[in-house]
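Chain residues, written in single-letter form:
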Amino acid sequence: MEGARPTNSEERDGRSKEPSPSELLDRSKMLNFEFNGRRMSAFEGDTVASALYASGVRIFSRSFKYHRPRGLLCVSGRCPNCLMSVDGVPNVKACTERVRAGMKVKSQNCWPSLEHDIFSVIDKIGRFLPVGFYYKTFINPPIEWSRVEWIIRRLTGLGDIEEEIASATGKGPKDGRSIISSSFEHLNLQADVAVIGGGPCGIFAALEAGNAGARVVLVDDQPALGGHLRYSGETLSIDVATGEGAYSGLKSSAVASTLEKAVRDRPNMTVLDNSTAFGIYESNLIGIVRGNSEIRLRAEQLVFATGAHEFPSVFQNNDLPEVFLGRGMQRLINLYGVIPGKRAVVVSNNDSGLGVARTLMDAGVKLEAYIDSRKAVGAPETLAEIEDAKVQTFLGWAVKEARGSKHVSSIVICEVDNEGELVHGTERVVSCDLVSLSTGFETEAWLLNQTGSRTIYDELLREFIPRELKPTVYVCGDLTGIHDLNIAIMQGKVAGLSAAANLPAMARSTELKVEYQRKSLETYSRLVSQYEGKYREGMKHTRGPEVLVVEYPGSDKMRKRFVCVCEDVVAKDISLATFEGFDDIETLKRYSTVTMGPCQGKMCSMPSLHLCSRVTGRSIAQTGRTVSRPPFVPVAMGALAGAELHPVKLTGIHYKHIELGARIMDMGEWKRPHVYTSVEEEYKAVRESVGVIDVSTLGRLDVKGRDAGKLLDFVYTHIFSTLKVGKSRYGVICDDAGIVLDDGTVTRLSETHYFITTTTGNVEFVEEWLVWWATALRLDAYITNVTAGLGAVNVAGPKARDLLRKLTTVDLSSGAFPYMNSAEGEVAGVPCILLRIGFVGETGWEIHFPAEFGEYFWDTLLEAGKEFGVKPFGVETQRVLRLEKKHVIVGQDTDALSNPFEADMAWTVKFEKEDFVGKAALVAAEKKEPERMLVGFVMKDSMVAHDGDQVFSQDGSRHIGFVTSSRFSPKVGRCVGMALVSPEYYKEGSLIRVKSDDALNGAEVTLAPFYDPEGKRLRA
Amino acid sequence: MRALFRKEKMWQRHKLKPRYDVVVIGAGVHGLSIAYYLAKNHEITNVAVLDKVYLGGGNSGRNTAIIRANYMTVEGVHFYSESLKLYEELSKELNFNLLFSQIGHLSLAHTDSAVNGLWRRAEVNKALGVNSRVIWPDEIKRMVPALDTSDRPRYPVKAALYHAPGGVIRHDAVVWGYARGVERHGGEVHPRTEVIAIDVKDHQVTGVRTDKGEVIRADCVVNATSGYCTTVSKMVGVDLPVVTHPLQACVTEPLKPFLDKVVVSANLHVYVYQTDRGELVMGSEIDPYSSYSQGSTLETLESIVAHALELFPGLRHVRVLRQWGGLCDMTPDYSPILGEVDGLKGFVLDVGWGTYGFKAGPVSGKRIAELIATKRTPDIIRPFRLSRFREDRLVSEKGAAAVSH
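Residues numbered from 1 in each chain as written. Chains lettered and ligands numbered in written order. Predicted model: local features only at pLDDT ≥ 70, side-chain atom pairs only at ≥ 80, totals over all residues. Heavy atoms only, no water.

**Thoughts on the nonpolar core**
Rules: Think of a nonpolar core as a cluster: buried Ala, Val, Leu, Ile, Met, Phe, Trp, Tyr and Cys residues, connected wherever their side-chain atoms sit within 4.5 Å. Under the scheme applied here, a residue whose accessible area is under 20% of the maximum for its type counts as buried, over 50% as exposed, and between as partly exposed, the area being computed with a 1.4 Å probe on protein chains only. Where helices and strands are cited, they refer to DSSP runs of H or I of at least four residues and of E of at least two residues respectively, numbered from the N terminus. Two residues qualify as a contact provided that any one of their heavy atoms is within 4.5 Å of a heavy atom in the partner residue.
Among the nonpolar cores identified, the biggest contains 146 residues, and Ile 411 of chain A together with Phe 79 and Ile 372 of chain B are the most heavily contacted of them. Among the elements that make up this core, the one with the highest residue count is helix H3 (residues 74–94) of chain B (eight residues). In this structure, Ile 372 of chain B is in contact with Val 22, Ile 34, Leu 38, Cys 220, Val 222 and Val 348 of chain B, ignoring residues within four places of it in sequence. Grouped together as the second largest cluster of nonpolar side chains are 70 residues, Ile 161, Phe 632 and Leu 640 of chain A together with Met 143 of chain B included.

**What about the side chain of Lys 93 of chain A?**
Which entries qualify depends on this criterion: Only four residue types enter the tally: Lys and Arg on the positive side, Asp and Glu on the negative side; His and the chain ends are excluded. Salt bridge criterion: a side-chain nitrogen from Lys or Arg within 4 Å of a carboxyl oxygen from Asp or Glu.
Here Lys 93 of chain A lies in strand E6 (residues 89–93). No salt bridge forms around the buried Lys 93 of chain A; measuring N to O, its nearest opposite-charge neighbour Glu 253 of chain B is 5.3 Å away.

**Regarding the interface of chain B and chain A**
Here is the rule we go by: Buried area is a sum: the accessible area each of two parts loses on coming together, probed at 1.4 Å, counted once for each and added. For this classification, the nonpolar set comprises Ala, Val, Leu, Ile, Met, Phe, Trp, Tyr, Cys and Pro, the charged set comprises Asp, Glu, Lys and Arg, and every other residue, Gly included, is treated as polar. A strand pair is defined by DSSP finding two or more bridges across the two strands.
On the chain A side, the residues contacting the 85 residues of chain B number 107 residues. Interface area, chain B with chain A, both sides summed: about 8,800 Å², of which 56% is carbon and sulfur. Considering only the side of chain B, the residues that lose the most area to chain A are Arg 154, Lys 256 and His 317 of chain B, jointly responsible for 9% of the buried surface there. In this structure, the connection of chain B to chain A is made through 12 salt bridges. Classifying every residue of the side of chain B that touches chain A gives 39 nonpolar, 15 polar and 31 charged. Sheet topology places strand E29 (residues 635–636) of chain A next to strand E17 (residues 319–330) of chain B; two bridges connect them, and they run antiparallel. Looking at E17 of chain B, one finds that Val 635 of chain A is bridged to Val 320 of chain B.

**Regarding the confidence of the model for chain B**
If pLDDT is low for a region, its predicted coordinates should not be looked at in detail. Put simply, the rule reads: pLDDT is a residue-level measure of predictor confidence that goes from 0 to 100.
With 97% of its residues at a pLDDT of at least 70, chain B reaches an overall mean of 94. Scored as a complex, the prediction yields pTM 0.92 and ipTM 0.95.

**A closer look at helix H2 (residues 29–42) of chain B**
Residues and elements named next belong to chain B. Cut-off, in case you're wondering: To estimate the expected span of a helix, subtract one from its residue number and multiply by 1.5 Å.
Here H2 spans 19 Å end to end across 14 residues, near enough to the 20 Å set by a 1.5 Å rise per residue. The buried count for H2 comes to 11 of 14 residues, which makes it a mostly enclosed element. Listing the buried residues of H2 in full gives Val 29, His 30, Gly 31, Leu 32, Ser 33, Ile 34, Ala 35, Tyr 36, Tyr 37, Leu 38 and Ala 39. A positive backbone phi angle near 55° is found at Glu 43, which sits one or two residues after H2.

**A word on a nonpolar patch on the surface**
All names here are of chain A. Defined as follows: Nonpolar side chains (Val, Leu, Ile, Met, Phe, Trp, Tyr) are joined into patches within 5 Å and like charges within 9 Å, using only residues with over 30% relative accessible area and no salt bridge. Working definition of accessibility: Shrake-Rupley area with a 1.4 Å probe, residue cover restricted to the visible protein chains.
A grouping of Val 648, Leu 650, Tyr 655 and Ile 658 is seen on the molecular surface, where their side chains present a nonpolar patch of about 360 Å² in accessible area. If you trace the backbone, Ile 658 turns up in helix H20 (residues 654–659). According to the relative accessible area criterion, Ile 658 is partly exposed, its value standing at 41%.

**Looking at the sheet that holds strand E37 (residues 782–785) of chain A**
All names here are of chain A. Let me state the cut-off plainly: Axis geometry follows a simple rule: fit a line to the C-alpha atoms, using only the stretch in contact for helices, then measure angles between N-to-C directions, giving values from 0 to 180 degrees.
Strand order in the open sheet formed by five strands is E34-E35-E36-E33-E37, and the pairing between neighbours is antiparallel. This sheet does not close on itself; its edge strands, each paired only once, are strand E34 (728–734) and E37. With direction set aside, neighbouring strand axes in the sheet form an average angle of 30°. Pairing of strand E33 (residues 699–704) with E37 involves four bridges; the strand directions are antiparallel. Note that in E37 the partner of Asp 702 across the bridge is Thr 784.

**As for empty space enclosed by the protein**
Residues and elements named next belong to chain A. Quick reminder of the rule: With a 1 Å grid laid over protein atoms only, a set of points is called a cavity when a 1.4 Å probe fits there but cannot get out and a pocket when it is open yet has protein on both sides within 12 Å along at least five of seven lines; lining residues have an atom within 4 Å of a point. Grid points are joined across faces, edges and corners, and a volume is the space filled by probe spheres set on the points.
Tallied over the full model, the rule gives seven cavities of 30 Å³ or more. Its volume calculated, the largest cavity comes out at about 110 Å³. Lining the largest cavity are 14 residues, and of these Arg 62, Ser 63, Phe 64, Pro 80 and Leu 158 sit closest to its centre. When grouped by side-chain class, the residues that make up the lining of the largest cavity number seven nonpolar, five polar and two charged.

**Re the packing of helix H15 (residues 571–580) of chain A against helix H16 (residues 585–592) of chain A**
Residue and element names in this part refer to chain A. This is how the line gets drawn: With respect to orientation, any angle under 35 degrees is reported as roughly parallel, any angle over 145 as roughly antiparallel, any angle of 65 to 115 as roughly perpendicular, and every other angle as oblique. By the definition used in this description, the sense in which the near helix is turned from the far one sets the handedness, with an anticlockwise turn below a right angle giving left-handed and a clockwise turn giving right-handed.
Where H15 meets H16, the closest approach of the two axes is 10 Å, and the angle between their N-to-C directions is 125°. In terms of orientation, H15 lies oblique with respect to H16. Handedness of the crossing formed by H15 with H16: right-handed. The segment H15 lies against H16, with Ile 574, Ala 577, Thr 578 and Glu 580 engaging Leu 588, Tyr 591 and Ser 592. Taken together, the residues that form the contact of H15 with H16 break down as four nonpolar, two polar and one charged.

**Thoughts on the domain arrangement of chain A**
All names here are of chain A. Threshold: As annotated, the domain borders come from an automatic or database domain assignment.
Split by domain assignment, chain A resolves into domain 1 (1–173), domain 2 (185–309 + 443–542), domain 3 (312–439), domain 4 (559–645), domain 5 (699–786) and domain 6 (929–1020). Summarising the inter-unit geometry, the C-alpha centres of domain 3 and domain 4 are found 26 Å apart. On the side of domain 4, nine residues touch domain 3, which itself brings nine residues to the contact. With both sides pooled, the region where domain 3 packs onto domain 4 buries about 800 Å², and carbon together with sulfur makes up 61% of that total.

**Description of the environment of Gly 918 of chain A**
Residues and elements named next belong to chain A. On the secondary structure map, Gly 918 appears in the loop between helix H26 (875–884) and helix H27 (919–927). Considering only alpha carbons, one finds Gly 918 and Ile 733, 185 residues apart in sequence, at a separation of 8.8 Å. Non-local contacts of Gly 918, meaning those with residues more than four positions away in its chain, are made with Asp 735, Asp 736 and Gly 738.

**Considering unusual backbone geometry**
All names here are of chain A. In this chain, Pro 141 is followed by Pro 142 through a cis amide linkage whose omega measures 5°. Considering the arrangement of structural elements, one finds Pro 142 in the loop between helix H4 (133–136) and helix H5 (145–155). Here the amide bond leading from Pro 630 into Pro 631 is cis, since omega sits at -5°, within 30 degrees of zero. Inspection of the secondary structure assignment puts Pro 631 in the loop between helix H18 (620–623) and E29. For Asn 91, which is not a glycine, the phi torsion comes out positive at approximately 55°. Within the secondary structure layout, Asn 91 lies in strand E6. On the basis of relative accessible area, Asn 91 is assigned to the buried category, the value being 2%.

Put into structure tokens, the structure is as follows:
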């Protein structure tokens, strides 16, 4: 079997005979799944990794660069060694992914198979690939980077997403749907106290905060709470002083279950299991990922009980399969009933190695040796038990190298001197098929650091421990660098009580309870410092050389010492990079890529720090650590995006357009008819009889109040305070640099009430802008956005009056209702605001009415217009009609530098006003020669220019500007347009060239509208 | 190959000297390239580049390393296209492989007006000799098969501006390459050395003071900082029309190669490309508020990712590995501020780089060096002088630079 070790049948069933009480498995339920095309079986509760390991699989991946075989290491989702593709999803951690019946699992980054990967040849030439290799090679011809890059590119990357892309873009084998039917969602939660980490200290923190009345959310990334109590397999010894002496003498997993039940039974407690907090953001916002969901948790107080993780020490071949981290080994044995091997070696430099040795012995694995770099241990009674079991113990020894190809077969150990150096000539070979490393903890301070709280290196504990905590932040447990259950329990209680006590609006039940809590807090705080003191004393006695990175003469010759398993960075790379000048931990990271892989430094941050500090001679504390950026674990893009919802705005008439067969286009969030039949036909109707267009997407604002006119005078360049009631006026809004931002009409409906239209896309902006200035100037003016409430139709053409007369009693004659006037009245029985304006250049009314009448109003207009040949017209026809009139569209015929003078709209600027937004800039602009001017042009031949074409001088030698709009004009019979050009061309009859399709086409400048230049038709 | 196995230091740790000809504040690509070209082109080698943090620890290390020249204004196209040409030769020049991948750059349009904007850029680019053209969904689909070019998305892709010489570069390598170049030509690089004051006497800059108490004399001080260009200029009483906004980006786990173009959508405020290592790099437009925080927000991450999924729906299960933020010094016209300041001798600006500074590192370094050495402002940077704001001669790149890349 692929990736599997040749085994006999007994070993293939690699499970303990009797299920242990700590197991997460339901051995009565079997599940089948596929691994690289083969059928595999698992128990309910198994992870992909535990099921595969139990079936004999030992190689789980091939490494990023050298394609070396890699096996399980952390068994907790912290390292990159078991990344696989699951149901087409790449880079899934097999050690945390539960088996589901029928799932398809594939290995990654290898060919043809995990066991035999031809790319592993890269490993053999590894010494020709020093750190910074690519920076130093492929610089000059003939092997330039541009020639070799594509080859290197094809060799990199881990997971493959071809399948998913194919299915998402409709080329998939199935029905075009994603091969995984996943729905992603966002949830929002709030808490008084959030506790991150559901180990013993986190549970006690949650319980104490809950007892005090706080609403608590407990977040834990495991399926079962209890942290290491779940898998350590120890019999607990708990002091009475902690208040939890009753648990003493019990099995740790049983206590974990009891504690889990206690929190789950609490009414004011929410337990989020299988949930990983991935980021702490501004104002205590916690990003949490749980399956396909992202949970945003906002909490008043944060308790960090995130513990610590182990990392491997650095020796030759330390990456061989079956070299485990101690806690990973314990998980495999105690949570999944796996018997990991036959002959094990435990390598340690702290007391947790003793516990691992016990776990292995309890599981029936033969312990070949216990190796500890210290001369004394903190739990001599456990050491005695190990020795009693006839296990060889080596105190003051460390591992120099692991041997084996694809699997560990033995290790070489050496004596260690007082400086932590290996003693030459003391080598001994210990044969084994399993190595467990308990070579150091790193506090899991990643999330804590994101709060702005600091961590400092503690020389005694040899870990980065929390200091200078931000307000509302509390820590407890392994995260403090102290690995002691009694202390952890009390620290948890202190954290929970303090968090609750500092809640601003704590619902305090009774004075008595508060007093009790205050006393408990005092007591436990005192006890914690006493116990911590004792713990530190103990550390001083057992403390020996740490031996994180094994140095040995010739240690780099052929066998690699891996610092970073994600990116295949070896010890030599770090030393060389540091020597080359990358001695700042931040540049070291970027140059060597150490800590930048999928584990984001969880496995390599401490060893690389040690190496850097060794080369530079600076202490660990001086060397410091890199910034901890979110996310703490990689998070699926789908979960971050949530349900993909995209708002669509439809006018009240939208479905009538569909019925009429209109081609629909997007305009911002709106949907609008682009064209119904053809531009020619629609154009003809408007110019010769009558056309109707749905303009409900226009922004509409009501401005009311005593100072409404004053406000508009200040914000627009024109004057509106003098506008007579019933009149409309065109207006332009500029920013303080005099640049045109928006335009529209302003109609005065009463002394204190103006009705404004804005362009479709800008209504929110204009609303904000007006509100901002009304507030800043302290004006009595109130702005209401009425866009959604009003439908609007423009009825335009020589027969528009005839049509509307059939439907209204409002006097529409030119005498009674001239151009740029307004009226309120009923049309077809609907209350309306009628504006006589003429964007398309014909007699016409823009009619605003309650949106709910949209379909009725539209149908009634079309019905009444039948006898005149009325036609609905779309946006494209309107563009042609308005261009013939040279009516400017802001944003198309103007850009981010256009002032009203350049846009040929000088008449909209009234300098007689005392002040208005943009006045100073416009006064200056008026005095100087403009840099360009908006002009009209007519093409000389049949060429139709494109919006955005460039404009040149007549002889083609000078680039003078660009086309803003251009269309074929039925009126002119040729293409007409507008262009922003050098000011010397702002002259009737100037000759210019428009570069279209790479040809320079002649055109002539016109300053007047192309259609009805006197404006007789729109006033008729 | 010999160079590969030679153990060489890239730079040294120096003690600060009491006097330099030029002090450059900011050891990013701009500051270092100024020092490099001062030494290389003008033999001014008594130069120190100082930085508050590590080499390239500002935006040179935080930007997403996209190089292009397809700008909107004539001034912009000239300027960035000179920079692109310098970048094309820079690996050889510095004898350091900067991993410049000219994979091609696509700016997508999802609306009619955006199509017009692209057309205008394509035509301006062509007119000035820059390789750009508008392409349509069929061709886009062929270039980027993973992109959803169907009409299913809320805003389907309508067209793209294809800029073949655009691409990405290893941004840190550019910093290191220049830093080594500075040192080899006799200049000095001083990371973790913060300037806290600039001395001025009789309208002439005379030197700087550092956080460690050193007083350094220099007649020419260059402000080549990002994020803090306003605070540094304030040290000499110069107010800049700059507002600082955060800009955020993120990167995913490495994947097998499937995307070999830079894909930008201004309408969706997002850009995406895949590195040689297989990671997807994604970024956004600037955050809507001003701030000096380099922290990350969940909201922006969600928005970047959601928009990227609109373009590439097959990426839902791809995981984000890391997010980060940088600081963008935004000017009113989305163009930089380069050159001297009226009424203050010896103070040179290379600031206001918004979201487009990295692309311009080589050209501004070369031209600012020329300005310092010759005491004349080169024509190519004259449009970007500080006084343009007073003269109302803005160079608006808003249309081409509002979404950062």
